[in-house]
Amino acid sequence: MPNPYAWFFWYFLIYFCLGLFLPLFNPIKVIPADIKQLSFILPYTIPIFIGIFCFSHALYKLDVTTMGPLFNLGNVFTPLLAFFVLGEKIPFQNIPWLILIVIAGFFAVYDERLKFKSFLNKYVYVFLLWVFCLSITRIAANRGTNALGFWNFTFYEFFYGSIGLLFFLPFIYKKIKVEIKPILFMIPAVVLEFFGLLLILKAFSYQVVVPAIVNSMPLGSVVAFALSRSNKRLLEYHPLKTYAIRFLGIFLMTVGLIRLAIG
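These figures come from a predicted structure and were not determined experimentally.

### Quick look at a nonpolar patch on the surface
Together, Leu-42, Ile-46, Ile-50, Leu-129 and Phe-132 give the surface a local cluster of nonpolar side chains, amounting to about 420 Å² of exposed area. Here the element with the most residues in the nonpolar patch is helix 2 (residues 42-61); it accounts for three residues. Among the structural elements, Leu-129 can be located in helix 6 (residues 122-148). A relative accessible area of 37% places Leu-129 in the partly exposed class.

Written out as structure tokens, the structure reads:
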């Protein structure tokens with residue numbers, strides 16, 4: 001995509017189209033029985049629009065090595081919001097494991113090219129706003145799915161929620177005209193994310209903190225490591241020392257996660 005506005009628009013439009021297929025797989029009340037039910041959509045829709053808008057701009061401006069450590073701060077935001085908003089309590093004896101997960105998360109995304117000056121960038125705050133908005137959507141997903149049902153909430157979010165694009169269109173329509181190639185290139189990634197989002201929303205309907213931590217684990221590092229060994233020209237190529245630090249972080253996160261889950 002040539003610019004963040006085009007990325008933002010086509011991202012949501014693809015999601016809108018995918019949402020139209022949901023009634024084919026499960027009975028859905030396409031029109032809510034009570035218009036007040038849509039009020040459960042707004043606490044999710046507004047933060048996700050703001051968050052994705054921020055992410056799209058940070059994506060084009062921020063050093064990619066900076067994003068991993070910043071994203072791990074979601075492991076701080078989400079438990080705090082879950083505690084204050086949902087009353088989801090974490091036993092005192094589990095707090096050390098939560099702290100371990102947060103600290104280990106920074107090692108799990110370690111990059112030898114990362115420098116402190118990378119964080120001295122205004123887009124760092126833009127990215128942090130995205131992380132905070134994402135934490136809010138996790139809380140809203142818990143409330144929305146329990147109030148409306150999983151399939152109804154998901155459909156309303158993808159269908160009615162995406163109508164919010166109309167409010168952005170007058171401001172960005174000159175920047176969203178692109179050729180078909182970048183759109184086709186974007187579709188597979190969004191489709192895969194779509195199915196992943198269905199699963200994580202289902203998990204959030206039961207609990208918030210543990211699924212959020214699972215979602216933040218950089219398990220893709222395992223695949224990146226395997227690919228990097230076969231092709232040194234890949235962006236993810238790093239020395240073995242870097243991957244050793246990453247895998248140690250992932251291992252510690254996994255230990256902490258298991259302790260949280262069984263605790």
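### So, the packing of helix 4 (residues 74-86) against helix 10 (residues 209-216)
Their axes nearest at 10 Å, the elements helix 4 and helix 10 cross at an angle of 170°. Taken together, the axis directions place helix 4 and helix 10 in an arrangement best described as roughly antiparallel. Note on element contacts: helix 10 touches helix 4 through Val-209, Ala-212, Ile-213 and Ser-216, opposite Asn-75, Thr-78, Pro-79 and Ala-82. For the contact of helix 4 with helix 10, the class distribution of residues is five nonpolar, three polar and no charged.

### Some thoughts on the packing of aromatic side chains
By the definition in use, this model includes 24 aromatic pairs. With 5.7 Å between their ring centres and 55° between their planes, Trp-7 and Phe-55 make a pair best called tilted. Taken together, the residues span a long stretch of sequence, with Trp-7 in helix 1 (residues 4-19) and Phe-55 in helix 2 at a distance of 48 residues. In terms of burial, Trp-7 and Phe-55 fall into one category: buried. Consider the rings of Phe-8 and Phe-53, whose centres lie 5.4 Å apart with planes at 90°: the pair is edge-to-face. Placement of the pair is Phe-8 in helix 1 and Phe-53 in helix 2, with a sequence separation of 45 residues. According to the relative accessible area criterion, Phe-8 is buried, its value standing at 1%.

### Description of the environment of Phe-127
Within the fold, Phe-127 resides in helix 6. In this structure Phe-127 comes out as buried when scored by relative accessible area, which is 2%.

### Focus: the side chain of Thr-137
Tracing the backbone shows Thr-137 in helix 6. Apart from residues lying up to four places away in sequence, Thr-137 is in contact with Tyr-44, Pro-47 and Ile-48.

### Here's the deal with helix 9 (residues 180-204)
Three or four residues apart is the spacing at which side chains of an α-helix point the same way, because the helix has 3.6 residues per turn. Taking 1.5 Å of rise per residue, the 25 residues of helix 9 would be expected to cover 36 Å, and the 35 Å separating its terminal C-alpha atoms lies within 8% of that figure. Of all bends in helix 9, the biggest is about 30°, found at Ile-187, and the proline Pro-188 comes one to four residues later. Buried within helix 9 we find Ile-183, Met-186, Val-190, Phe-194, Leu-197, Leu-198, Ile-200, Leu-201 and Phe-204. Elements that come into contact with the buried residues of helix 9 comprise helix 1, helix 2, helix 6, helix 7 (150-159) and helix 10.

### Things to note about helix 4
When the terminal C-alpha atoms of helix 4 are compared, their 17 Å separation across 13 residues agrees well with the 18 Å that a helix rising 1.5 Å per residue should span. Of all the residues in helix 4, the buried ones are Gly-74, Asn-75, Thr-78, Pro-79, Leu-81 and Ala-82. Down the axis, helix 4 shows its buried residues gathered within 165° of arc, on one side only. One or two positions beyond helix 4, positive phi appears at Gly-87, with a value near 70°.

### Details of the nonpolar core
When a protein is soluble and globular, its nonpolar side chains tend to lie buried together. If you look at the biggest cluster of nonpolar residues, it comprises 50 residues, and the most contacted ones within it are Tyr-11, Phe-12, Tyr-44, Ile-52, Leu-62, Phe-127 and Trp-130. Of all the secondary structure elements, the ones that give two or more residues to this core are helix 1, helix 2, helix 3 (64-71), helix 6, helix 7, helix 8 (165-172) and helix 9. At 10 residues, helix 1 tops the list of elements feeding residues into this core. What Phe-12 contacts, discounting residues up to four positions off in sequence, is Ile-48, Phe-49, Ile-52, Ser-162 and Leu-165. The next biggest cluster of nonpolar side chains, apart from the first, holds 13 residues, and it includes Ile-101, Ala-104, Met-253 and Leu-257.

### Some points on the UniProt feature "transmembrane region" (unreviewed entry) in the protein chain
Mapped onto this numbering, the UniProt entry gives "transmembrane region" (unreviewed entry) at residues 6-26, 38-60, 94-111, 123-141, 153-171, 183-202, 208-227 and 243-262. Annotation note: span residues 123-141, helix share 100%, strand share 0%, distance between end C-alpha atoms 27 Å.

### A short note on the side chain of Asn-142
Along the chain, the position of Asn-142 falls in helix 6. At a separation of 2.8 Å, a polar atom in the side chain of Asn-142 contacts the main-chain carbonyl oxygen of Phe-204. Leave out the neighbours within four places in its chain, and Asn-142 touches Leu-86, Phe-204, Ser-205, Tyr-206, Gln-207 and Val-208.

Thresholds, definitions, all that
- Residues numbered from 1 in each chain as written.
- Predicted model: local features only at pLDDT ≥ 70, side-chain atom pairs only at ≥ 80, totals over all residues.
- Heavy atoms only, no water.
- Patch = residues over 30% accessible without salt bridge, like charges linked within 9 Å, V, L, I, M, F, W, Y side chains within 5 Å.
- Areas by Shrake-Rupley, 256 points an atom, 1.4 Å probe, with all protein chains shown as cover.
- Salt bridge = Lys/Arg side-chain N within 4 Å of Asp/Glu carboxyl O.
- Helix = DSSP H or I, 4+ residues; strand = E, 2+ residues; numbered from the N terminus.
- Buried < 20%, exposed > 50% of the residue type's maximum accessible area, 1.4 Å probe, protein only.
- Axes fitted to C-alpha atoms, helices over the stretch in contact; angles between N-to-C directions.
- Parallel < 35°, antiparallel > 145°, perpendicular 65-115°, else oblique.
- Contact = heavy atoms within 4.5 Å.
- Nonpolar A, V, L, I, M, F, W, Y, C, P; charged D, E, K, R; others polar.
- Phe/Tyr/Trp six-rings, centres within 6.5 Å; stacked < 30°, edge-to-face > 60°.
- Expected span 1.5 Å × (residues − 1).
- Bend = angle between axes of the 7 residues up to and from the residue.
- Arc of directions from axis to C-beta.
- Core = buried A, V, L, I, M, F, W, Y, C linked by side-chain atoms within 4.5 Å.
- UniProt positions renumbered as here; feature names shortened; annotations may be inferred.
- Polar contact = N/O pair within 3.5 Å; in protein donor to acceptor, adjacent residues only side chain to side chain.

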